[in-house]
Amino acid sequence: MKGIEHKIIGGIVFIVFYYFKLFPSIVNELLSNYLNIIIGLIIAIIFSGGRIKTKSFINFGLSPDNDFHKKKQRSIIFHSTLFPVLAIIALPYSWIYLTAFFYSLHILIDLLNPLSFEGKRHTYFLLFTSTILFFVMIYLI
């Protein structure tokens, strides 16, 4: 899936989750004024897809696999929820929660194509399980 498609999905998820108050409570409290909603939408779009090394503003993003979009070249370290979990544990702020949520959403969307990861099916199962556990974790904390 291309970065722009990830951005569209990220924007739609942000709007739906904001409208129905489906984010974790710490993020729902953050999104109580219009400026924070706009900044949150920008974070959602930037962290849900795209690449750092791009000349186009619409394709810019901080996704977990900036230059590993070829099949079976996605780094398991960067394409896991390890960094979002560490970020939330180290810095439990609402902006970090929102950033980690959309970083992990990108990973979850890419997990729909199991042939794009290096490793065996056990690796894919661990990535899938850890991503689901991340989303469970942010709602329980």
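Treat the numbers as computed from the prediction; the structure is a model and nothing was measured.

**Some remarks on the overall build of the protein**
Argument step 1. Each helix and strand counted, the protein has six helices and zero strands in total.
Argument step 2. Each helix (α) and strand (β) of the protein, taken in turn from the N terminus, gives the series α-α-α-α-α-α.
Argument step 3. For the protein, buried positions account for 40% of its 141 residues.
Argument step 4. The contacts of the protein with a sequence gap of at least 6 include a subset with a gap of at least 24, amounting to 65%.

**A word on a nonpolar patch on the surface**
Argument step 1. A surface patch of nonpolar side chains, amounting to about 880 Å² of accessible area, comprises Ile4, Ile8, Ile12, Val16, Tyr19, Phe20, Leu22, Ile58 and Tyr139.
Argument step 2. Among the secondary structure elements, isoleucine 4 is positioned in helix 1 (residues 3–19).
Argument step 3. Assessed through its relative accessible area of 32%, isoleucine 4 is described here as partly exposed.

**A few points about the side chain of serine 48**
Argument step 1. With respect to the helices, strands and loops of the structure, serine 48 is situated in the loop between helix 3 (34–47) and helix 4 (82–90).
Argument step 2. A residue is classified by how much of its surface remains accessible, and serine 48, at 1% relative accessible area, is buried.
Argument step 3. A distance of 2.6 Å separates a polar side-chain atom of serine 48 from the backbone oxygen of alanine 44.
Argument step 4. Apart from the residues within four sequence positions on either side, serine 48 is in contact with His6, Lys7, Gly10, Phe102 and His106.

**Examining unusual backbone geometry**
Argument step 1. In this structure, lysine 21 is a non-glycine residue whose phi angle is positive, near 55°.
Argument step 2. Lysine 21 gets classed as partly exposed once you look at its relative accessible area, which sits at 47%.

**With respect to the side chain of asparagine 36**
Argument step 1. Note that asparagine 36 resides in helix 3.
Argument step 2. Since its relative accessible area comes to 15%, asparagine 36 is described here as buried.
Argument step 3. Side-chain polar atoms of asparagine 36 contact the backbone oxygen of leucine 30, separated by 2.9 Å.
Argument step 4. If near-sequence neighbours (up to four positions away) are discounted, asparagine 36 is found in contact with Leu30, Leu31 and Trp95.

**Things to note about the environment of leucine 140**
Argument step 1. Relative to the elements of secondary structure, leucine 140 occurs in helix 6 (residues 121–140).
Argument step 2. Taking C-alpha positions, leucine 140 is 8.4 Å from proline 24, a pair spaced 116 residues apart along the chain.

**Quick word on helix 3**
For the α-helix, the turn length of 3.6 residues means that residues three or four positions removed from each other point alike.
Argument step 1. Taking 1.5 Å per residue, 14 residues should reach 20 Å; helix 3 reaches 20 Å between its end C-alpha atoms and fits that length.
Argument step 2. Along helix 3, the positions that sit buried rather than exposed are Asn36, Ile37, Gly40, Ile43, Ala44 and Phe47. Taken end-on, helix 3 shows its buried residues confined to a sector of 120°, consistent with a single buried face. For helix 3, the exposed residues lying more than 90 degrees away from the buried face are Tyr34, Leu35 and Ile38.
Argument step 3. Contacts made by the buried residues of helix 3 are with helix 1, helix 2 (25–30) and helix 5 (94–110).
Argument step 4. A side-chain oxygen of the first residue of helix 3 lies 3.4 Å from the backbone nitrogen of leucine 35; this N-cap is asparagine 33.

Each value, and the rule that gives it
- Residues numbered from 1 in each chain as written.
- Predicted model: local features only at pLDDT ≥ 70, side-chain atom pairs only at ≥ 80, totals over all residues.
- Heavy atoms only, no water.
- Helix = DSSP H or I, 4+ residues; strand = E, 2+ residues; numbered from the N terminus.
- Buried < 20%, exposed > 50% of the residue type's maximum accessible area, 1.4 Å probe, protein only.
- Contact = heavy atoms within 4.5 Å.
- Patch = residues over 30% accessible without salt bridge, like charges linked within 9 Å, V, L, I, M, F, W, Y side chains within 5 Å.
- Areas by Shrake-Rupley, 256 points an atom, 1.4 Å probe, with all protein chains shown as cover.
- Salt bridge = Lys/Arg side-chain N within 4 Å of Asp/Glu carboxyl O.
- Polar contact = N/O pair within 3.5 Å; in protein donor to acceptor, adjacent residues only side chain to side chain.
- Expected span 1.5 Å × (residues − 1).
- Arc of directions from axis to C-beta.

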